[in-house]
Amino acid sequence: MDQVLSTKDSWYIEWAWVGGYSSLSTLVFIFNILIFFSVGKNKFLHYSFHYVIVALSLRNLLRVILTLCLVFLAKLIQTPWLFKATFLIPANKSTDGLDLTQSASMSLTCEVLSVWDHILMTTLMFYLAGSSLYMFCRHPNPSISDPSETTLKLYGIVPVKERSWVSPLLLLLPPLLAVFLCLPIPILHETHSMTALPGGSVCNLHESLKFNTYQSSVAILGFLLPAAIVISLMIGLSIRRCISCSGGTCVSSFCKEEMSLALLTLPYLAAYLAMYLPLLDHYLQKLDLPQTGLQPYITPEIARAVEMVLGLLLPVVVYSVLPGYSRFSSEPDASDLRRSKKESYNQAVTAPDSTRLSQESLELALVTRNGYTS
């Protein structure tokens, strides 16, 4: 069983973790909030994929708040009188001899934290799976619009247009599925342990309750299934991109969005796999297979800290791969502009032939009419 943090680590190690979390959370907040302004200022980013990016940045902010709550709770448990003053346990309930790290000691708090933790983890995977399916179903490149549109006259290209139901479906369905997946927590009181500091595990359970059917279901439905969908569709998108490049048009804003999805997905798959290492080793042992042997090195607090660091991955990817985010103005992607100019040039090259044919038809009509009049 995990010991209280102060009995396992010295004070400077504790506060090094706390200071690291504080600095990291500040950076995550600043750069993820910046994404809201980037999307809001550029109307060429006003479609489903970038709305999902905004939703993921909001999810990163909530994830940071959850991790800070776990850090605060782990430190608060060390002082039971102060913990009791926060009303996390009933005022008439004595804390003498009570193990506050156990889920049974503060069942309501652990249920709220468990729901929050599972929803934020599974929502990310559902958003990635939904975005990959959305990309696979749309055209490989932005379509060329009607030249009479005002925006096209100004920029040479128009913003992406979609059906009205696509964005609400892509934004609302993933969190709704995550909420449904987490319903057994308040109904059946299926909590799980969480660790944000060395030796600071909270909401602990008995060893026989840690790896139950519900936790396995969350891992399968909330992680493995979306991961399999994303990986399969990423392979399909790569094949389609190769076919599109062989046909002439290769790099476009859609191509960069597919690349950004891959750059987001792969690190999160590794981080989530690290968080599910205890569950993986448990079932490997039950199958009489060799365990991974990584748990002594990738501890739960390290896995959660790495997952919090990945809150900076989204801003790094979108600001380095998608140029529209760094402009803070309504300007299209340069790749789409080049593609639009190329299409216009191809149309201009074929235009003289059609004009010459029309002129010959007009002259033939005039000759025929003059022949009749004479």
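Residues numbered from 1 in each chain as written. Predicted model: local features only at pLDDT ≥ 70, side-chain atom pairs only at ≥ 80, totals over all residues. Heavy atoms only, no water.

**Digging into the state of the cysteines**
Part 1 of the argument: Considering all chains together, one arrives at one disulfide under this definition.
Part 2 of the argument: Through a disulfide, Cys110 is tied to Cys203; the S-S separation comes to 2.2 Å. On the sign convention where negative means left-handed, the S-S torsion of about -95 degrees between Cys110 and Cys203 marks this disulfide as left-handed. You can see Cys110 sitting in helix α5 (residues 107-137) and its partner Cys203 sitting in the loop between β2 (201-202) and α9 (207-210), a full 93 residues away along the chain. Side by side, Cys110 and Cys203 carry an identical accessibility label, which is buried. (Disulfide = S-S within 2.5 Å. Helix = DSSP H or I, 4+ residues; strand = E, 2+ residues; numbered from the N terminus. Buried < 20%, exposed > 50% of the residue type's maximum accessible area, 1.4 Å probe, protein only.)

**Regarding the nonpolar core**
Part 1 of the argument: Ranked by size, the top nonpolar core spans 55 residues in total, and within it Ile53, Tyr272 and Tyr325 carry the most contacts.
Part 2 of the argument: Contributing elements (two or more residues each) for this core: α2 (11-41), α3 (48-76), α5, α7 (166-181), α10 (213-246), α11 (253-275) and α14 (313-321).
Part 3 of the argument: Tyr325 has contacts with Ile35, Ser38, Val39, Leu45, His50, Ile53, Val318 and Tyr319, leaving out every residue within four places of it along the chain. (Core = buried A, V, L, I, M, F, W, Y, C linked by side-chain atoms within 4.5 Å. Contact = heavy atoms within 4.5 Å.)

**Side note on the packing of aromatic side chains**
Part 1 of the argument: Counted under the stated rule, the structure contains six aromatic pairs.
Part 2 of the argument: Pairing Tyr47 with Phe254 gives two aromatic rings, centres 6.4 Å apart and planes at 55 degrees, and the pair type is tilted. With a gap of 207 residues between them, Tyr47 in the loop between α2 and α3 and Phe254 in helix α11 connect regions that are remote in the sequence.
Part 3 of the argument: Taken together, the aromatic side chains of Phe223, Tyr268, Tyr272 and Tyr276 make up a single cluster linked through ring pairs.
Part 4 of the argument: In this structure, Arg138 packs its charged tip against the face of Phe254, placed 3.7 Å from the ring centre.
Part 5 of the argument: Sitting over the ring of Phe136, Arg240 keeps its end group 5.9 Å from the ring centre. (Phe/Tyr/Trp six-rings, centres within 6.5 Å; stacked < 30°, edge-to-face > 60°. Lys NZ or Arg CZ within 6 Å of the ring centre and 35° of its normal.)

**Overview of α7**
Part 1 of the argument: Taking 1.5 Å per residue as the helical rise, α7 with its 16 residues ought to reach 22 Å, and the 23 Å between its terminal C-alpha atoms agrees with that figure.
Part 2 of the argument: Along α7, the sharpest kink reaches roughly 30 degrees, centred on Leu173 and followed within four residues by the proline Pro174.
Part 3 of the argument: Listing the buried residues of α7 in full gives Val166, Ser167, Leu170, Pro174, Ala178 and Leu181. (Expected span 1.5 Å × (residues − 1). Bend = angle between axes of the 7 residues up to and from the residue.)

**Topic: a nonpolar patch on the surface**
Part 1 of the argument: A contiguous nonpolar patch, built from Leu27, Ile30, Phe31, Ile33, Leu34, Phe36, Phe37, Leu58, Leu62, Ile65 and Phe328 and spanning about 890 Å² of accessible area, is present on the exposed surface.
Part 2 of the argument: Elements represented by at least two residues in the nonpolar patch include exactly α2 and α3.
Part 3 of the argument: Of the residues forming the nonpolar patch, the biggest block, seven residues, is contributed by α2.
Part 4 of the argument: The residue Leu34 is located in helix α2 in this model. (Patch = residues over 30% accessible without salt bridge, like charges linked within 9 Å, V, L, I, M, F, W, Y side chains within 5 Å. Areas by Shrake-Rupley, 256 points an atom, 1.4 Å probe, with all protein chains shown as cover. Salt bridge = Lys/Arg side-chain N within 4 Å of Asp/Glu carboxyl O.)

**Digging into the pattern of salt bridges**
Part 1 of the argument: Counted according to the given criterion, the structure contains ten salt bridges.
Part 2 of the argument: Of the charged contacts, one joins Asp117 and Arg63 as a salt bridge, the two residues approaching to 2.6 Å between their closest N and O atoms. Of the two residues, Asp117 sits in helix α5 while Arg63 sits in helix α3, which places them 54 residues apart along the sequence.
Part 3 of the argument: Overall, Asp117 belongs to the buried group, its relative accessible area being 2%.
Part 4 of the argument: Using a relative accessible area of 3% as the deciding quantity, one classes Arg63 as buried.
Part 5 of the argument: Glu257 serves as the salt-bridge partner of Arg138, at 2.7 Å between the closest nitrogen and oxygen. With Arg138 in the loop between α5 and α6 (150-155) and Glu257 in helix α11, this pair connects stretches of sequence that are 119 residues apart. Per residue, the accessibility class of Arg138 equals that of Glu257, and both read buried.
Part 6 of the argument: Each of Arg59, Arg63, Asp117, Arg304 and Glu307 takes part in one network of salt bridges that share partners.

**Some remarks on the confidence of the model for the protein**
Part 1 of the argument: Averaged over every residue, the pLDDT of the protein is 84; the share at 70 or more is 81%.
Part 2 of the argument: Long-range and interchain partners of residues 1-9, a stretch whose pLDDT sits below 50, account for 20 contacts in this model, where long-range means more than four residues apart. (pLDDT = per-residue confidence, 0-100.)

**Description of the environment of Arg339**
Part 1 of the argument: Among the structural elements, Arg339 can be located in helix α15 (residues 334-373).
Part 2 of the argument: For Arg339, a relative accessible area of 13% corresponds to the buried category.
Part 3 of the argument: Residues Arg339 and Val251, 88 residues apart in the sequence, show an inter-C-alpha distance of 8.5 Å.

**Observations regarding the side chain of Ser167**
Part 1 of the argument: With respect to the helices and strands, Ser167 occurs in helix α7.
Part 2 of the argument: Taking relative accessible area as the criterion, Ser167 reaches 13% and is therefore assigned buried.
Part 3 of the argument: Setting aside its immediate chain neighbours within four residues, Ser167 contacts Tyr47, Ser48, Tyr51 and Glu162.

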